Amino acid sequence: MTPATAAAGDGPVATHCPYCALQCGMDLTPARPGVVDTDAGGRPRLPVTVTPRQFPTNGGGLCQKGWTSASVLRAGDRLTTPLVRGADGELAPATWDDALDLVAGRLAALAAERGPEAVAVFGGGGLTNEKAYALGKFARTVLRTPHIDYNGRFCMSSAAAAGTRAFGVDRGLPFPVTDLAGADVILLLGSNVAETMPPFAAHLAGARAAGGLVVVDPRRSATARLAGGAEGVHLQPVPGTDLVVLLALLHVLLAEGLADRAYLAARTSGSGDVARSVAAWWPERAETVCGVPAEDLRRVARLLAAASPARGGRGAYVLTGRGVEQSTQGTATVTAAINLALALGLPGLPGSGFGCLTGQGNGQGGREHGQKCDQLPGYRRIDDPAAREHVAGVWGVDPGSLPGPGRPAVAMLASLGTAGGPRALLVHGSNLVVSAPDADRVRERLAALDLLVVCDVVPSETARLADVVLPTTQWAEEEGTMTNLEGRVLRRRRAVEAPGEARSELWILAELARRLGAGHVPGDAFPTDPAAVFDELARASAGGPADYSGLSHARLDAHEAAGGPGLYWPCPAGPPGEHPGTPRMFLDGFATPDGRARMVVVDHAGPADDVRPGAPTYLVTGRVLQHYQSGAQTHRVPELERLVPEPYVELHPLLGTRLGVPDGGRARLASARGVVEATARWTDAVRPDTVFMPFHWGGEGSVNRVTSDAVDPVSGMPEFKVCAVSVTPVPA
Ligand SMILES: Nc1nc2c(c(=O)[nH]1)N[C@H]1C(S)=C(S)[C@@H](COP(=O)(O)OP(=O)(O)OC[C@H]3O[C@@H](n4cnc5c(=O)[nH]c(N)nc54)[C@H](O)[C@@H]3O)O[C@H]1N2
Ligand SMILES: Nc1nc2c(c(=O)[nH]1)N[C@H]1C(S)=C(S)[C@@H](COP(=O)(O)OP(=O)(O)OC[C@H]3O[C@@H](n4cnc5c(=O)[nH]c(N)nc54)[C@H](O)[C@@H]3O)O[C@H]1N2
Ligand code: SF4
Ligand SMILES: [Mo]
């Protein structure tokens with residue numbers, strides 16, 4: 001084990017948590033070098049100590065994952081050297097030159113034989129802005145493939161599609177998270193922040209005190225419990241029916257004359273059609289579909305209206321999470337939530353608004369710099385000639401050489417190794433055999449490839465399937481920027497050296513580009529200094545919806561040194577003067593051609609995979625506080641593993657009794673796709689027609705072996721949240 005050396009003795013390094021989009025502030029204090037490299041228990045000593053840092057999103061707090069995040073730096077099986085699969089079928093250590101020559105040689109051969117479309121790239125929303133940008137540029141200029149997409153497709157694409165359609169631009173929260181404190185009512189749809197962003201719960205305190213926290217979730221989640229009693233309302237709909245809840249809430253507003261007519265007339269288009277379309281969703285009818293009592297629907301609509309500024313309230317917010325977005329009608333449901341917020345006159349008013357709670361550490365920035373199959377940096381469309389011209393100019397290539405749009409993640413994964421589909425895949429920052437839907441099929445597609453290359457920090461389940469594994473640096477070992485759930489651009493800073501031969505991804509891409517790109521990309525096209533990459537990213541984004549051109553590492557550092565809490569995009573370059581960034585968007589109008597928010601008619605169709613004889617139970621999936629995503633990182637943190645050591649499925653005692661699945665026994669869940677087994681936990685927090693399972697495990701406890709790969713037709717987001725299963729006991 002390499003002892004910590006970098007920056008040791010220089011005092012704490014101010015940075016942010018490696019995990020979620022709240023990006024809590026933390027200080028990393030490097031260990032003093034060379035004294036002892038193991039702790040009293042003989043475990044490798046951690047190279048940094050984590051302490052929470054006061055920052056607006058976390059108010060000085062951290063969750064258990066943040067507190068323990070340093071453990072991942074010295075995971076016992078941390079990747080410290082490239083690995084290449086040998087003739088014996090085993091992964092074995094290799095030199096960087098051998099590994100990179102092998103990858104470049106095979107990619108070049110495939111492209112020569114089958115064309116550039118034979119190679120595909122899968123990125124991640126945890127990558128820094130600099131790495132996400134470099135990866136997109138690498139795919140489009142060096143590989144010249146249209147086939148790049150990323151795990152953000154699983155995470156935020158429905159909210160992005162709905163937000164872009166309605167407002168002309170997609171920034172998860174178009175206001176600072178601290179604004180929430182002043183609202184009387186917060187409607188939280190399909191989000192369990194109490195577990196997924198624990199310090200966020202503090203921002204709900206104002207609404208709770210006013211009795212106005214409304215949580216919509218088929219489970220009585222930790223967040224739903226915050227809305228218990230006098231503090232708010234928990235609506236517990238049939239899984240996959242939130243759209244009906246929202247249509248009914250809008251129906252009540254209109255029927256009772258509670259909508260903000262002046263706002264609708266001045267700031268929106270399409271409200272007449274939407275008003276007509278919800279006429280059919282009176283609360284009693286909605287109740288028959290979503291199971292939420294009509295009286296509760298009326299009560300919540302009136303609560304929202306009373307909080308709206310138009311009716312003299314202190315303000316209200318409508319917020320969505322994955323529970324409503326990861327659905328075949330995710331875009332429609334978010335659109336209905338936006339329509340509701342617009343009818344209340346909330347978006348673009350200080351102290352009120354609509355937002356989506358972005359998930360991954362750089363879930364916001366990850367979607368802006370060109371990892372999405374249809375986008376170029378600056379959140380530009382790849383099929384827009386002006387965007388191609390601009391970005392190609394920054395890249396020093398011919399616009400005609402840039403590929404067109406590729407396929408969204410689920411379709412791209414399904415095409416791997418098929419006739420005419422890609423034969424090689426490069427994965428950066430995702431453990432997709434655990435986290436993609438219908439995971440058994442995904443595993444088959446990966447097995448059909450000629451070449452799988454995985455760049456990671458640990459041997460994830462996906463890395464273990466690779467032909468070549470490239471070890472990279474992680475959060476505390478690198479410089480860069482992250483854009484958090486509010487669109488605030490933050491500096492990630494290096495506190496410690498990476499162990500062994502792990503190398504920065506910027507270096508890995510530069511080395512591959514050098515081997516592959518000769519002739520068609522400029523020789524200096526892939527700088528390895530993150531500040532230089534950021535400067536180029538800023539130029540590429542200039543004039544686009546997500547404009548970073550007024551930002552640089554130096555400006556962000558100076559801003560922070562002066563006590564500033566980060567700068568928000570859009571932040572175009574001056575003159576005149578330095579642009580201050582945009583904490584609150586839409587105050588003067590929306591980013592649509594006419595400046596009005598577009599209201600779009602949507603209606604309910606239900607999940608693709610509905611309950612039926614043979615699969616009579618709803619399965620909903622999600623997260624638990626202690627584990628992160630596929631678990632690649634948190635399963636390597638002993639404290640967290642002790643707290644939640646194994647996969648489990650929650651079911652109601654009535655269902656458990658009826659099916660003969662006892663509390664603590666083993667349950668088997670079978671769908672049309674596959675089977676998963678886990679320990680049963682009885683709880684009355686789930687509906688008796690529904691079971692819940694977190695997705696944080698691979699192997700036989702991997703719930704994505706049963707989830708459906710049906711996707712939202714607009715966004716391409718898969719329906720992780722709801723599918724139909726049969727539940728049976730597993731004999732001991
Ligand atoms: N501990 C932890 N925190 C995380 C993560 C993690 O893996 N672990 N991941 C981060 C990332 S990338 C993301 S995207 C966010 C996700 O953050 P959240 O959106 O809060 O997380 P989920 O648990 O996926 O889903 C939220 C809730 O949706 C509910 N749900 C399921 N089906 C439905 C439905 O049909 N309707 C409604 N209304 N609700 C439904 C579930 O019961 C669950 O309580 O968390 C981030 N933070
Ligand atoms: N059933 C079900 N499935 C889901 C969801 C759900 O709610 N239910 N949620 C979906 C959502 S919202 C998401 S975001 C996805 C997430 O699922 P994944 O895409 O699998 O996300 P992670 O587990 O965070 O994987 C990130 C990987 O990148 C590695 N890594 C960390 N830092 C770096 C780096 O700097 N560079 C590189 N190259 N690698 C790095 C980590 O070690 C890890 O192996 O899961 C989706 N899957
Ligand atoms: S809430 Fe998110 S950012 Fe904050 S400490 Fe926990 S995982 Fe890290
Ligand atoms: Mo996510």
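Details of the structure are given in the entry above.
Residues numbered from 1 in each chain as written. Chains lettered and ligands numbered in written order. Predicted model: local features only at pLDDT ≥ 70, side-chain atom pairs only at ≥ 80, totals over all residues. Heavy atoms only, no water.

**Considering the side chain of Ser541**
No. 1: With respect to the helices and strands, the residue Ser541 is situated in helix α20 (residues 530-541).
No. 2: Look past the residues within four positions of Ser541 in its chain and what remains in contact with it is Gly378, Arg380, Ala546, Asp547, Tyr548 and Ser549. (Helix = DSSP H or I, 4+ residues; strand = E, 2+ residues; numbered from the N terminus. Contact = heavy atoms within 4.5 Å.)

**Here's the deal with the sheet that holds strand β2 (residues 25-30)**
By way of backbone hydrogen bonds, the strands of a sheet pair with one another, either parallel or antiparallel.
No. 1: Strand order in the open sheet formed by three strands is β1-β2-β3, and the pairing between neighbours is antiparallel. Single-partner strands in this sheet number two, and they are β1 (13-16) and β3 (48-52). For this sheet the average axis-to-axis angle between neighbouring strands, irrespective of direction, equals 35 degrees.
No. 2: Taken together, the five bridges between β2 and β3 define a ladder with antiparallel strand orientation. Residue pairing for β3: Met26 is matched across the bridge by Pro52. (Pairing = 2+ DSSP bridges. Axes fitted to C-alpha atoms, helices over the stretch in contact; angles between N-to-C directions.)

**A look at the packing of helix α11 (residues 283-290) against helix α12 (residues 294-307)**
No. 1: Where α11 meets α12, the axes come as close as 8 Å, and the angle between the chain directions of the two elements is 115 degrees. Handedness of the α11/α12 crossing: right-handed. Contacts between α11 and α12 involve Pro283, Glu284, Ala286 and Glu287 from the former and Ala294, Leu297 and Arg298 from the latter.
No. 2: Here the residues of the contact of α11 with α12 are counted per class, giving four nonpolar, no polar and three charged. (Left-handed = near helix turned anticlockwise from the far one by under 90°. Nonpolar A, V, L, I, M, F, W, Y, C, P; charged D, E, K, R; others polar.)

**Observations concerning the packing of helix α4 (residues 157-167) against helix α14 (residues 330-343)**
No. 1: Here α4 crosses α14 at 45 degrees, and the two axes come no closer than 8 Å. The angle between α4 and α14 falls in the class oblique. Where α4 crosses over α14, the two elements pack in a sense that is right-handed. Judged by residue contacts, Ser158, Ala159, Ala161, Ala162, Gly163, Arg165, Ala166 and Phe167 of α4 engage Gly330, Thr331, Val334, Thr335, Ile338 and Leu342 from α14. (Parallel < 35°, antiparallel > 145°, perpendicular 65-115°, else oblique.)

**Section: the packing of aromatic side chains**
No. 1: Across all of its chains, the model carries 13 aromatic pairs by this definition.
No. 2: On the basis of an interplanar angle of 50 degrees and a centroid distance of 5.0 Å, the ring pair of Tyr19 and Tyr628 is categorised as tilted. Taken as a pair, Tyr19 in the loop between β1 and β2 and Tyr628 in the loop between β23 (617-622) and α22 (638-643) lie far apart in primary sequence, 609 residues in all.
No. 3: You can call Tyr628 buried: its relative accessible area is 11%.
No. 4: Arg503 extends its terminal NZ or CZ atom over the ring of Trp507, reaching a point 4.6 Å from the ring centre.
No. 5: Above the plane of the ring of Tyr648 lies Arg681, whose end atom (NZ or CZ) is 3.6 Å from the centre. (Phe/Tyr/Trp six-rings, centres within 6.5 Å; stacked < 30°, edge-to-face > 60°. Buried < 20%, exposed > 50% of the residue type's maximum accessible area, 1.4 Å probe, protein only. Lys NZ or Arg CZ within 6 Å of the ring centre and 35° of its normal.)

**Here's the deal with the sheet that holds strand β19 (residues 480-483)**
No. 1: Taken together, the three strands give an open sheet; going across it, the order is β19-β20-β21, and neighbouring strands pair in antiparallel fashion. In the strand order of this sheet, the two ends are held by β19 and β21 (567-568), each with one partner.
No. 2: In this structure, β19 lies alongside strand β20 (residues 488-492), joined through four bridges in antiparallel fashion. Paired with Thr481 across the strands is Arg491, a residue of β20.

**Notes on the pattern of salt bridges**
No. 1: Applying the stated criterion to the full structure yields 43 salt bridges.
No. 2: Its salt-bridge partner being Asp689, residue Arg687 comes within 2.9 Å of it at the nearest N-O pair.
No. 3: We classify Arg687 as buried; its relative accessible area is 17%.
No. 4: Ionic contacts of the salt-bridge type, sharing partners, join the residues Asp97, Asp101, Glu511, Arg514 and Arg515 into one network. (Salt bridge = Lys/Arg side-chain N within 4 Å of Asp/Glu carboxyl O.)

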